[in-house]
Amino acid sequence: MSHVQQHRKALLARVRRMAGQVAALESSLQSEQADCTDVLMQASAVRGAAHGLLMALLDEHLQAHVVSPTDPVERAAEAQVLVKLLRAYGK
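The structure presented is a predicted model; accordingly, all values stated were derived computationally and were not measured. (Residues numbered from 1 in each chain as written. Predicted model: local features only at pLDDT ≥ 70, side-chain atom pairs only at ≥ 80, totals over all residues. Heavy atoms only, no water.)

**With respect to the side chain of His61**
Now for step 1: Turning to its location among the elements, His61 is positioned in helix H3 (residues 36-67).
Now for step 2: Discounting residues that sit within four places of it in the chain, His61 has contacts with His3, Val66, Glu78, Val81, Leu82 and Leu85. (Helix = DSSP H or I, 4+ residues; strand = E, 2+ residues; numbered from the N terminus. Contact = heavy atoms within 4.5 Å.)

**Points about the packing of H3 against helix H4 (residues 72-90)**
Now for step 1: Closest axis-to-axis distance for the H3/H4 pair is 9 Å, and the angle between their directions is 165 degrees. Compared by their axis directions, H3 and H4 come out roughly antiparallel. Crossing angle aside, the handedness with which H3 passes H4 is left-handed. Of the residues in H4, those touching H3 at His51, Leu54, Leu58, His61, Leu62, His65, Val66 and Val67 are Arg75, Glu78, Ala79, Val81, Leu82, Leu85, Leu86 and Tyr89.
Now for step 2: Split by residue class, the contact of H3 with H4 holds eleven nonpolar, three polar and two charged. (Axes fitted to C-alpha atoms, helices over the stretch in contact; angles between N-to-C directions. Parallel < 35°, antiparallel > 145°, perpendicular 65-115°, else oblique. Left-handed = near helix turned anticlockwise from the far one by under 90°. Nonpolar A, V, L, I, M, F, W, Y, C, P; charged D, E, K, R; others polar.)

**A look at the environment of Ser31**
Now for step 1: Within the fold, Ser31 resides in the loop between helix H2 (8-30) and H3.
Now for step 2: Assessed through its relative accessible area of 31%, Ser31 is described here as partly exposed.
Now for step 3: Taking the C-alpha atoms as reference points, Ser31 and Val81, 50 residues apart in sequence, are found 43 Å from one another.
Now for step 4: A polar side-chain atom of Ser31 sits 3.1 Å from the main-chain amide nitrogen of Gln33. (Buried < 20%, exposed > 50% of the residue type's maximum accessible area, 1.4 Å probe, protein only. Polar contact = N/O pair within 3.5 Å; in protein donor to acceptor, adjacent residues only side chain to side chain.)

**Regarding the environment of Val4**
Now for step 1: Its location among the elements puts Val4 in helix H1 (residues 3-6).
Now for step 2: The class for Val4 is partly exposed, based on a relative accessible area of 33%.
Now for step 3: Considering only alpha carbons, one finds Val4 and Ala56, 52 residues apart in sequence, at a separation of 10.0 Å.
Now for step 4: Not counting residues within four places of it along the chain, the set of residues in contact with Val4 comprises Leu11 and Leu57.

Listed below in structure tokens is the structure:
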């Protein structure tokens, strides 16, 4: 079983919280009385939640695919995959 499936409930809970944050942000933007500070705070919360989800996924990926394998060739290949993921995230 993949690490994503093992932690599916917790990951889905994070995604659902993010969906609620995005919905609140959308509501604020649709409101004629939206305060720019509140909108900025909501956007920041969405960004933080997405970052937290990404870090949880990266942590599990690192443990399962880079740290755990005993074959050095497999570990090196998985480390390269992780580097590509981090580069894509940094764009």
